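# Summary of structural features
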Amino acid sequence: MGGTSPCASCKLLRRRCTKDCIFAPFFPSDDPHKFAIVHKVFGASNVSKMLQELPVQQRADAVSSLVYEANARMRDPVYGCVGAISFLQNQVSQLQMQLAVAQAEILCIQMQQEPQMPEPQQIGVSEAAERSYLMQNNLIGGMPQLMSFASPSNNNVGQEPLKRESLWT
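One structure accompanies this document, and this report is about it. Model, not experiment: these values are computed from the prediction.

## Points about the overall build of the chain
The helix and strand inventory of the chain stands at seven helices and zero strands. Shown N-terminal to C-terminal, the secondary structure of the chain runs as helices and strands in the order α-α-α-α-α-α-α. The buried share among the 169 residues of the chain stands at 18%. Considering only residue pairs separated by 6 or more positions, the chain has 38% of its internal contacts joining residues 24 or more positions apart.

Shown next as C-alpha cells:
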C-alpha cells in the first residue's frame with residue numbers, strides 16, 4: 001500500500017507496509033479481524049508463501065478460502081469446514097428420509113381414499129364360450145382340488161415342540 005495507511009497484516013505484525021506487500025490487496029486496514037484469524041490459524045509466513053506460489057488472478061479466491069477455513073477452524077478446531085460439510089450432508093440425508101416417509105404416507109392415504117371397485121371387464125365371445133365349456137364339463141370346480149398339494153388331513157406329521165437348549169448347561 002505504501003504511504004498513508006498500512007494493510008491489516010502489516011498493522012497486526014507491526015511492520016512497514018511496502019508498495020509490493022502481498023497482503024495489501026486482500027487484507028485492507030478497515031477489516032483487521034480478517035487477517036488476524038487467518039494469521040492465528042495458518043501463520044503469516046505460510047499465507048505469504050501460498051499467495052506467492054499462486055498466479056495473481058487466483059489469489060483473491062485463495063484468500064477467500066483461507067478466511068473461510070480459518071473461521072471454520074475457530075468454531076471447530078478438529079474438523080474445520082469438513083465438520084460443517086458433514087453436518088449439512090447428514091441433515092440433507094435426514095430430510096430426504098423424512099420426505100420419503102411423508103410421500104409414502106400420502107400415497108397410503110390416497111390409496112385408502114380411492115374406491116376399491118374393480119373395473120368391469122369386457123369378456124369376448126371366445127372367452128365366454130371357453131368358460132361355459134369348462135363349467136359344463138366341471139373342469140373349473142376340479143382345478144382347486146388338483147392345485148392343493150397339502151390337504152388338512154396330511155397335517156399329522158410329527159411336530160415336536162421346540163426345545164430350548166442352553167449353551168451353559
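## Brief notes about the packing of helix 2 (residues 32–42) against helix 4 (residues 56–75)
It is the contact of helix 2 with helix 4, at a shortest axis distance of 9 Å, that shows an interaxial angle of 70 degrees. Judged on the interaxial angle alone, helix 4 and helix 2 are roughly perpendicular. Together, K34, I37, V38, K40, V41 and F42 of helix 2 and V63, L66, V67, E69, A70, N71, R73 and M74 of helix 4 make up the contact between the two elements. Broken down by class, the residue content of the contact of helix 2 with helix 4 amounts to nine nonpolar, one polar and four charged.

## Side note on a nonpolar patch on the surface
Taken together, V78, Y79 and V82 make up a surface patch of nonpolar side chains, about 320 Å² in accessible area. Tracing the sequence through the fold places V82 in helix 5 (residues 81–113). Residue classification places V82 among the partly exposed positions, given a relative accessible area of 48%.

## Describing the packing of helix 3 (residues 44–53) against helix 4
Axis separation between helix 3 and helix 4 bottoms out at 9 Å; the angle between their running directions is 150 degrees. In terms of their interaxial angle, helix 3 and helix 4 are classed as roughly antiparallel. The two elements helix 3 and helix 4 cross, and the hand of that crossing is right-handed. Counted together, V47, M50, L51 and Q52 of helix 3 and R59, A62, V63 and L66 of helix 4 form the full contact between these two elements. In terms of residue class, the contact of helix 3 with helix 4 is built from six nonpolar, one polar and one charged.

## Description of the packing of aromatic side chains
The tally for this structure, following the rule as stated, stands at three aromatic pairs. Both rings, one in F27 and one in F35, keep their centres 5.1 Å apart while their planes meet at 75 degrees; by these two values the pair is edge-to-face. Under the relative-accessibility criterion, F27 is labelled buried at 0%. What links up through ring pairs into an aromatic cluster is the set F23, F27 and F35.

## A few points about unusual backbone geometry
The phi dihedral of R14 is positive, around 55 degrees, even though this residue is not glycine. Inspection of the secondary structure puts R14 in the loop between helix 1 (8–13) and helix 2.

## Overview of the nonpolar core
With 21 residues, the main nonpolar core has C7, C21, F23, F27, V38 and L51 as its most contacted residues. Contributing elements (two or more residues each) for this core: helix 1, helix 2, helix 3 and helix 4. In terms of residue count, helix 4 provides more of this core than any other element does, five residues in total.

## Some points on the side chain of S48
Tracing the sequence through the fold places S48 in helix 3. Apart from the residues within four sequence positions on either side, S48 is in contact with I22 and F23.

So, how was this worked out
- Residues numbered from 1 in each chain as written.
- Predicted model: local features only at pLDDT ≥ 70, side-chain atom pairs only at ≥ 80, totals over all residues.
- Heavy atoms only, no water.
- Helix = DSSP H or I, 4+ residues; strand = E, 2+ residues; numbered from the N terminus.
- Buried < 20%, exposed > 50% of the residue type's maximum accessible area, 1.4 Å probe, protein only.
- Contact = heavy atoms within 4.5 Å.
- Axes fitted to C-alpha atoms, helices over the stretch in contact; angles between N-to-C directions.
- Parallel < 35°, antiparallel > 145°, perpendicular 65-115°, else oblique.
- Nonpolar A, V, L, I, M, F, W, Y, C, P; charged D, E, K, R; others polar.
- Patch = residues over 30% accessible without salt bridge, like charges linked within 9 Å, V, L, I, M, F, W, Y side chains within 5 Å.
- Areas by Shrake-Rupley, 256 points an atom, 1.4 Å probe, with all protein chains shown as cover.
- Salt bridge = Lys/Arg side-chain N within 4 Å of Asp/Glu carboxyl O.
- Left-handed = near helix turned anticlockwise from the far one by under 90°.
- Phe/Tyr/Trp six-rings, centres within 6.5 Å; stacked < 30°, edge-to-face > 60°.
- Core = buried A, V, L, I, M, F, W, Y, C linked by side-chain atoms within 4.5 Å.

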